[in-house]
Structures are given as structure tokens and as C-alpha cells.
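Descriptive structure summary
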Amino acid sequence: MLVNTPADFWMDPSPQWHCGGLTSYPPPPVTPSPTRSQQFITDDIRQPPRSTPMIRKSFVQHSPLRSKRANRKSSTYTRWTPEEDELLRQAVALHGPHKWSLIASHVPNRTPMQCSTRWLGALNPNIHKGRWTEHEDAVLRYAYMEFAGIPDGEGGFQPIPWNRIAERIPNRTGIQCQARWTEALDPSVRKGKWSEAEDALLRAGVDKFGRCWIRIAETVPGRTQVNVT
């Protein structure tokens, strides 16, 4: 005999029938598994929203790149002040005229090269800045011929060791020796009137390099930086 089952029969948790004195419950309804698209939607809803990682302010402030940029010194040359000259004199008196990295630490915003050039070219009382004598010129010529033309093993020549040459001329620096040779003693340097071809090379050099006279002088054979300025 078939009995019509009410629609809410399977949803009622109360006992519906007895078998051998034991109360039984009807089997629970089967829930259909979600489709693939429904599963993706559910997963997206359950996942928490992704947050953009925050960068700690302290990390940015103390990062190595930021520190290097902050400590980078300006390459623009500025005229030495009397206060800087005095600091340089005191540092040289304390450490001697050779430890330029240590000396530069006493002169703010000056590099070891700047301190060395300033001391040797302007402040050292033992450096002679007057006219060159014939004896000094003769020693300079002989020393230059000794060190010039030494092969470097790569098809070129070794640079002229001006500081070693200066050791043979008392009270003269390597910079002074180089300037004296380049501007006065070098036989390849032209000292006469400029030709039209040289003027054309000079104009082309100015158009290309602006006021970089060292580079311009290289474009005019036989002329020095002093000649082209």
C-alpha cells in the first residue's frame, strides 16, 4: 500500500516510525555538490582581501642607498676660505704632509686631493713659486728624457711620474714640473702665431666641448690648455 508522504516529512527531526522498539530517523537529504563556477565564487568570497605590504619608515630612512646619497659630496669647486686654509695648516702640522685622507677629515667638505693640491700649490712654505732657473730647467729636461717613452707592455707608454721628477728639483712639486714642461720646455708645443687651420680647430673644439679647455687643447696639436684659453 502506497502512502503519500508529506513534503516536510524529511525535514522533521522527530521520530517517524518504529522498528523492533528502536527509534529510527529518516536518512538526511542529499545536498548536491556545487558546480565548478560556484566553487570558485565561494573560494573568492572566503579569501581575505590582499593588503599592500607596508614599508617601514625607519627602513627607508636608514637604507644604504639613502645614506650614500645623503653623504655624497658636491663635486662643484669652491674657492678656499682663510678659515679652511688655517684648518689645513693645523691638520698638516698634526699629521704631516702625506696622510691626506686623515688630513681631509679635519677640513669639512674637502677631499684628500683638494687638500693635497691646496697645500702643495699654495700653502706649503717650503715650495718655491718664483721664476725657474736654468739649472732647474736643465734637471727637468734630463729627468723627462729619462722617464719618457718607457713601454707599458700594452703597446703604449707609461705616464710621466712627475712626482718622482720633482724629487730631483728641491722645493718644486710634481704639478709645477708638469706645468713648466708643458708650457715652456716641451719642444712639440707651438708658441708662435696661430694659423687659420688652428683657429678652425679651436672653434670646432669650443662648439663640441664648450669651455672644457683641457679637452679643447687635445683637438689642436701643439697647443696647450693655456694657449687655447
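The shown structure was predicted, so the numbers you read here are calculated from the model rather than taken from an experiment.

1. A word on the overall build of the protein
Helix and strand counts for the protein come out as twelve helices and two strands. Each helix (α) and strand (β) of the protein, taken in turn from the N terminus, gives the series β-β-α-α-α-α-α-α-α-α-α-α-α-α. The buried share among the 229 residues of the protein stands at 22%. Of the contacts formed within the protein by residues at least 6 apart in sequence, a portion of 42% connects residues at least 24 apart. For the protein, the accessible area works out to roughly 18,200 Å², and carbon and sulfur atoms hold 57% of it.

2. Notes on the nonpolar core
Where a protein is soluble and globular, its nonpolar side chains tend to be buried together. Judged by nonpolar contacts, W132, L140, A143, Y144, F147, W162, I165, A166, I169, C177, W181 and L185 together constitute the single largest core of twelve residues. Put simply, the parts of the chain that give this core at least two residues each are α7 (134–147), α8 (162–166) and α9 (174–185). In contact with W132, not counting residues within four places along its chain, are D137, L140, I169, R172, Q176, C177 and R180.

3. Looking at the packing of aromatic side chains
For the structure on display, the rule yields two aromatic pairs. Between Y144 and W181 the ring centres are 3.9 Å apart and the planes differ by 25°, which places this aromatic pair in the stacked class. With Y144 in helix α7 and W181 in helix α9, this pair connects stretches of sequence that are 37 residues apart. Comparing Y144 with W181 shows no difference in burial state: the two are buried. Ring-pair connections join several aromatic residues into one group, and the members of that group are Y144, W162 and W181. Lying over the aromatic face of W80, R110 brings its terminal NZ or CZ to 4.4 Å of the ring centre. Geometry around W132 places R172 over its ring, the cationic atom sitting 4.4 Å from the centre.

4. Regarding the packing of helix α4 (residues 82–95) against helix α6 (residues 112–123)
Two elements in contact, α4 and α6, have axes separated by 11 Å at closest approach and are oriented at 95°. Put simply, α4 runs roughly perpendicular to α6. Within the contact between the two elements, α4 uses D85, L88, R89 and V92 and α6 uses C115, R118, W119 and L123. Partitioning the contact of α4 with α6 into residue classes produces five nonpolar, no polar and three charged.

5. Some thoughts on α7
Between its terminal C-alpha atoms α7 stretches 20 Å, which fits the 20 Å expected from 14 residues at 1.5 Å a residue. What α7 keeps buried is the set E136, D137, L140, A143, Y144 and F147. Projected onto a plane normal to the axis of α7, the buried residues spread over an arc of 130° and lie on a single side. With respect to the buried face of α7, the exposed residues turned more than 90 degrees away are E134, H135, Y142 and M145. Elements that come into contact with the buried residues of α7 comprise α8 and α9. Looking one or two residues beyond α7, the residue adopting positive phi is G149, at roughly 75°.

6. Some words on the pattern of salt bridges
Under the defined criterion, the tally for this structure stands at eight salt bridges. A salt bridge links D137 to R180; the nearest nitrogen and oxygen atoms lie 2.8 Å apart. A residue pair is termed long-range when its members are at least 10 positions apart, and D137 in helix α7 and R180 in helix α9 qualify at 43 residues. The buried category is assigned to D137, whose relative accessible area is 8%. Take R180: its relative accessible area is 24%, and that puts it in the partly exposed class. Each of R190, E198 and R223 takes part in one network of salt bridges that share partners.

Each value, and the rule that gives it
Residues numbered from 1 in each chain as written. Predicted model: local features only at pLDDT ≥ 70, side-chain atom pairs only at ≥ 80, totals over all residues. Heavy atoms only, no water. Helix = DSSP H or I, 4+ residues; strand = E, 2+ residues; numbered from the N terminus. Buried < 20%, exposed > 50% of the residue type's maximum accessible area, 1.4 Å probe, protein only. Contact = heavy atoms within 4.5 Å. Areas by Shrake-Rupley, 256 points an atom, 1.4 Å probe, with all protein chains shown as cover. Core = buried A, V, L, I, M, F, W, Y, C linked by side-chain atoms within 4.5 Å. Phe/Tyr/Trp six-rings, centres within 6.5 Å; stacked < 30°, edge-to-face > 60°. Lys NZ or Arg CZ within 6 Å of the ring centre and 35° of its normal. Axes fitted to C-alpha atoms, helices over the stretch in contact; angles between N-to-C directions. Parallel < 35°, antiparallel > 145°, perpendicular 65-115°, else oblique. Nonpolar A, V, L, I, M, F, W, Y, C, P; charged D, E, K, R; others polar. Expected span 1.5 Å × (residues − 1). Arc of directions from axis to C-beta. Salt bridge = Lys/Arg side-chain N within 4 Å of Asp/Glu carboxyl O.

These results come straight from atomic positions and should not be treated as a statement about function.
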